[in-house]
Amino acid sequence: MKLKLRVSMSQPLITLDFLDTPTLETPSVDATTHAHEPSGAVRVSPATRTGRQRKLYIESYGCQMNFSDSEIVSSILFEEGFDTTEQLDGADLVLLNTCSIREKAEQTVRMRLKQINGHKKRNPGLLVGVLGCMAERLKSKFLEEEKLVDLVVGPDAYRDLPQLIKQVDGGQKAVNVLLSREETYADITPVRLNSNGITAFVSIMRGCDNMCSFCVVPFTRGRERSRDAHSIVQECRDLVAAGYKEVTLLGQNVDSYKWASEDGTEKVNFAQLLESVALVSPELRVRFSTSHPKDITDEVLHTMARHENICKYIHLPAQSGNSRVLQLMNRTYDRPWYEERVLAIRRILGEDCAISTDMIAGFCSETEEEHQDSLSLLDFAQYDMGYNFFYSERPGTLAARKLEDDIPLDVKKRRLQEIIDRQQLHARARYARMVGRVHKVLVEGRSKRSEEQLSGRNSQNQVVIFPKGNFQKGDYVNVLATSTTGAALIGEAVE
Ligand code: SAM
Ligand code: SF4
């Protein structure tokens with residue numbers, strides 16, 4: 001089943017006010033397609049008008065993997081006679097693609113379901129489904145708890161949606177939360193929702209085999225599996241042919257990507273995949289996320305160094321700067337290991353390579369001194385960006401079963417704020433050191449602040465804003481950065 005449909009339209013990316021506020025001043029004002037959305041982001045399907053009979057409204061929460069999955073779901077349902085719509089009113093099917101990573105994310109979805117209940121009362125024919133991590137975590141319990149939900153579908157069961165919808169059309173409730181060891185949706189061409197037509201996300205693997213003690217992902221998204229390398233490269237070729245200029249290869253732990261052909265004659269690791277994608281076109285920028293500190297190899301770093309079009313930006317979540325806490329988190333590396341990986345990045349890719357992190361404040365039994373270690377790791381690594389959270393216990397995880405969630409909420413929040421404040425200093429300094437230099441910027445669209453300005457990114461993923469002149473979306477432009485806001489570079493085009 002292959003579907004070729006490119007949707008180019010405006011990007012409804014909204015932040016609902018009851019969601020988490022982003023924990024760090026990120027450049028998201030001019031950035032809507034970053035691999036790590038602030039945790040308050042929710043994406044609504046834009047409208048496709050191809051004359052299909054029924055209308056699907058899909059709202060996606062959480063990480064980019066979920067946004068990417070919604071593109072697969074839309075593709076499957078397009079074949080089943082559904083156009084997407086950006087209006088809840090008038091939709092025949094409402095799907096919430098949910099996130100379980102923190103308790104707040106789940107509360108958000110529950111509140112949203114209450115609102116949708118109001119719509120359903122006015123329109124009893126409306127079908128409501130829950131997809132993604134919450135569907136997996138709560139399974140059929142969801143149908144009992146949230147009476148209005150008709151359909152519960154886990155992340156590996158989207159191919160079954162047409163059959164499940166028929167069941168619901170027939171008046172029954174439907175559930176499929178079976179996890180798979182094989183499903184990668186390799187043959188499904190996603191309908192690009194919320195796309196600017198320039199940057200796209202390409203899923204290269206699913207699930208996760210790590211057992212970080214705080215994390216629900218291995219339970220909700222199942223075992224790690226890598227997608228056929230040929231289908232990934234082909235998807236990137238198709239994107240280039242459709243005018244796209246940047247792909248981000250997505251996985252929970254891209255460095256452990258490992259694919260072998262059935263007869264075993266071909267074996268591809270992440271560095272090799274990265275190289276194959278970089279060779280698709282010198283005009284195509286390649287990004288990837290997320291790198292696990294235990295798995296990122298020098299081979300990957302050397303591959304990045306060899307190809308100008310592989311962007312010099314690595315998301316390398318540390319989670320903590322203290323070795324005892326890292327051990328409790330079951331991250332399988334300690335602080336010296338992490339520092340060595342940062343030094344390897346600097347040695348092979350230089351000072352300019354951007355690095356970002358995720359940090360968790362107030363993990364079980366974390367002392368003030370151990371929290372200070374997280375702050376000192378920020379100083380050591382000088383991150384360009386940070387996605388920081390306070391610890392939220394998730395039922396069923398190793399930590400929930402074995403460790404006491406004993407840091408009071410006010411202490412967690414205070415530590416988180418200290419992490420955010422320290423990280424902001426480094427982010428600002430990293431922006432400041434780029435002033436006075438010329439950056440190759442891929443234009444993503446007009447700046448949100450002004451019709452007269454364009455917005456794009458440099459290789460390091462920093463936002464760059466400059467007067468539009470005769471340039472347009474999709475152009476590469478050399479921009480001299482003349483100042484910075486601390487969250488974006490301001491500049492002007494040069495020859
Ligand atoms: N696979 C990625 C990695 O290992 O870095 C992370 C994926 S997870 C979806 C994104 C981030 O959410 C994590 O890096 C972690 O900082 C945060 N996170 C996960 N579980 C959490 C929890 N129980 N409480 C707070 N933050 C959590
Ligand atoms: Fe969760 Fe750890 Fe897997 Fe990342 S690597 S998804 S934090 S278990």
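Residues numbered from 1 in each chain as written. Chains lettered and ligands numbered in written order. Predicted model: local features only at pLDDT ≥ 70, side-chain atom pairs only at ≥ 80, totals over all residues. Heavy atoms only, no water.

A closer look at the sheet that holds strand E18 (residues 385-390)
Condition: Two strands pair under a simple rule: DSSP has to find at least two bridges between them. The helix count covers DSSP runs of H or I at least four residues long, the strand count covers runs of E at least two residues long, and both are numbered beginning at the N terminus. Structural elements are reduced to axes, namely lines fitted to C-alpha atoms, with helices fitted over the stretch in contact, and the angle between N-to-C directions of any two is expressed from 0 to 180 degrees. The criterion used for residue contact is that any of the two residues' heavy atoms lie within 4.5 Å.
The three strands are arranged E16-E17-E18 in an open sheet whose pairing can be described as parallel. What marks the edges here is a single partner per strand, and that holds for strand E16 (313-315) and E18. For this sheet, the mean angle separating the axes of adjacent strands, direction not counted, is 10°. Set on the sheet, helix H14 (residues 409-432) makes contact with strand E17 (354-361) and E18; between it and E18 the angle comes to about 180°.

Quick word on the site of ligand 1
For the record, the criterion: Throughout this document, a residue counts as near a molecule or strand when at least one of its heavy atoms sits within 4 Å of that molecule or strand. Counting of polar contacts relies on pairs of N or O atoms within 3.5 Å, with two restrictions inside protein: one atom must be capable of donating a hydrogen and the other of accepting it, and residues adjacent in sequence are counted only when both atoms are side-chain atoms. Under the convention adopted here, Pro, Cys and the residues Ala, Val, Leu, Ile, Met, Phe, Trp and Tyr are nonpolar, Asp, Glu, Lys and Arg are charged, and Gly plus all remaining residues are polar.
In the vicinity of ligand 1 lie 15 residues, with Gln252, Pro317, Gln319, Asp358 and Ser392 positioned nearest. Note that an oxygen atom of ligand 1 is positioned 3.0 Å from one of the side-chain N or O atoms of Arg331. Asp358 is positioned with one of its side-chain polar atoms (N or O) 2.5 Å from an oxygen atom of ligand 1. Mapped onto the shell around ligand 1, the elements with two or more residues apiece are E17 and E18. Its residues assigned to classes, the shell around ligand 1 shows seven nonpolar, four polar and four charged.

Focus: the pattern of salt bridges
The test is simple: Here, a salt bridge means any side-chain nitrogen of Lys or Arg that lies within 4 Å of a carboxyl oxygen of Asp or Glu. Per-residue accessibility, obtained with a 1.4 Å probe over protein chains only, is compared with the maximum for each type, and a residue is labelled buried under 20%, exposed over 50%, and partly exposed between these values.
Per the counting criterion, the structure on display carries 43 salt bridges. Among the salt bridges present, the one from Arg137 reaches Glu106, with a minimum N-O distance of 2.7 Å. Residue Arg137 is located in helix H3 (residues 133-138), and its partner Glu106 is located in helix H2 (residues 103-122); the two are separated by 31 residues in the primary sequence. The salt bridge partner of Arg394 is Glu106, with a shortest N-O separation of 3.1 Å. With Arg394 in the loop between E18 and helix H13 (398-402) and Glu106 in helix H2, this residue pair connects regions lying 288 residues apart in the sequence. Grouping residues by exposure puts Arg394 and Glu106 together as buried.

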